[in-house]
Amino acid sequence: NVALGSYSIKAVVTDNSGKSSSDGRTVVVSPPQTAYKGVVSKIPGKIEFENYDVCGNGCAYFDDSEGNDGGASFRTDEDVDIEDCTDDGAGYNLGWATAGEWVEYTVDVESPGIYDLVVRAASENANTLSMTVDGKEIVKPIAIPVTGGWQKWQDVKVAGVNLNAGRQVIRVTFGAKYVNLNYMEFKLNTISLAQKLETQMQMHFSNNRINLEGAPAGAKIRLFDLQGQFLGELGEHGGELPNLKSGKVLMTVVNKNGALLLTKVIPYQAN
Ligand SMILES: [Ca+2]
Ligand SMILES: [Ca+2]
Ligand SMILES: [Ca+2]
Ligand SMILES: [Ca+2]
């Protein structure tokens, strides 16, 4: 184990006749990558671009200019270029990016699915952002339009961000020179989720029992009659409702965080 920092390593090779050759390398020993201040961003949720991960240049981000070209007194020991932001809510924004630079964010995705994304951007030239997890695109490259000024902020809306559940690192890579970024906000697209659930969720009725397949982990399924009276609650694998009579019932599927995923009228067959 060596202390964190930058090391020069020199290897010298000598042959039998005494001739030697050497080569040198600089090795940077970084801490393991972690979320800024140890706070892992939850998705759905909002992530400030300036709160990129911790472990330095080449690990949590790639920036090709030493130090902060943006002049903000924020994370001044890093190389990402940050300035004071004049958007609502103030704070900071990223800027001075060049093509190929990237920043990474450790996130915790609470619900898998399709997300709508808002990128809060300001730019005097068009740019493109790509977004990947483990090298795989989670959405098609995002076009950032000209907003008319480096502090003229605009919501750039993006649909179809595909995220799996759990802890992961999102990398944002700049396609061209210069774009200012304030924050990004991920919202679960519940319509696409409901469509997916409708096709993947299967119900089987037997002996007053409803068996469920394909419901999300931790989901609660609540049944109501068509007058809105509560009839009973099932877990993700179903459950028993001995007093339920045959007929149409209203089913709601709520995920483990309480978000309503699906509402559907189903025919129930008691047996
Ligand atoms: Ca990394
Ligand atoms: Ca820099
Ligand atoms: Ca830069
Ligand atoms: Ca910000």
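Attention here is on the structure that accompanies the text. Since this is a predicted model, take the numbers as computed values, not measurements.

**Section: a nonpolar patch on the surface**
Here is step 1: The grouping of Tyr-7, Ile-9 and Val-27 at the surface amounts to a nonpolar patch, some 230 Å² of accessible area in total.
Here is step 2: If you trace the backbone, Val-27 turns up in strand β2 (residues 20-29).
Here is step 3: Given the relative accessible area of 32%, Val-27 is considered partly exposed.

**A word on the packing of aromatic side chains**
Here is step 1: Inspection of the entire model under this criterion finds seven aromatic pairs.
Here is step 2: Ring centres of Tyr-36 and Phe-74 lie 6.0 Å apart, and the angle between their planes is 65 degrees; this geometry places the pair in the edge-to-face category. Within this pair, whereas Tyr-36 is found in the loop between β2 and β3 (41-43), its partner Phe-74 is found in the loop between β5 (61-62) and β6 (82-84), the two being separated by 38 residues in sequence. Per residue, the accessibility class of Tyr-36 equals that of Phe-74, and both read buried.

**Describing the coordination of the calcium ion (ligand 4)**
Here is step 1: All of the protein donors around the calcium ion (ligand 4) are Glu-48 (OE), Glu-50 (OE), Glu-50 (OE), Tyr-92 (O), Asn-182 (O) and Asn-182 (OD1); their distances to the metal are 2.3 to 2.7 Å.
Here is step 2: For the calcium ion (ligand 4), the six donor atoms are set out with angles of 51 to 164 degrees between them, so the coordination reads as irregular.
Here is step 3: For the calcium ion (ligand 4), the single-chain donor residues occur in sequence as E-x1-E-x41-Y-x89-N. Of the two residues, Glu-50 sits in the loop between β4 (45-48) and β5 while Tyr-92 sits in strand β7 (residues 92-94), which places them 42 residues apart along the sequence.
Here is step 4: Its relative accessible area of 4% is what places Glu-50 among the buried residues.
Here is step 5: Classification of Tyr-92 as partly exposed rests on a relative accessible area of 21%.

Rules behind the numbers
Residues numbered from 1 in each chain as written. Chains lettered and ligands numbered in written order. Predicted model: local features only at pLDDT ≥ 70, side-chain atom pairs only at ≥ 80, totals over all residues. Heavy atoms only, no water. Patch = residues over 30% accessible without salt bridge, like charges linked within 9 Å, V, L, I, M, F, W, Y side chains within 5 Å. Areas by Shrake-Rupley, 256 points an atom, 1.4 Å probe, with all protein chains shown as cover. Salt bridge = Lys/Arg side-chain N within 4 Å of Asp/Glu carboxyl O. Helix = DSSP H or I, 4+ residues; strand = E, 2+ residues; numbered from the N terminus. Buried < 20%, exposed > 50% of the residue type's maximum accessible area, 1.4 Å probe, protein only. Phe/Tyr/Trp six-rings, centres within 6.5 Å; stacked < 30°, edge-to-face > 60°. Donors = N, O, S within 2.8 Å, 3.2 Å for Na, K, Ca; no water. Tetrahedral: all angles 85-135°; square planar, octahedral: opposite > 155°, others 65-115°.

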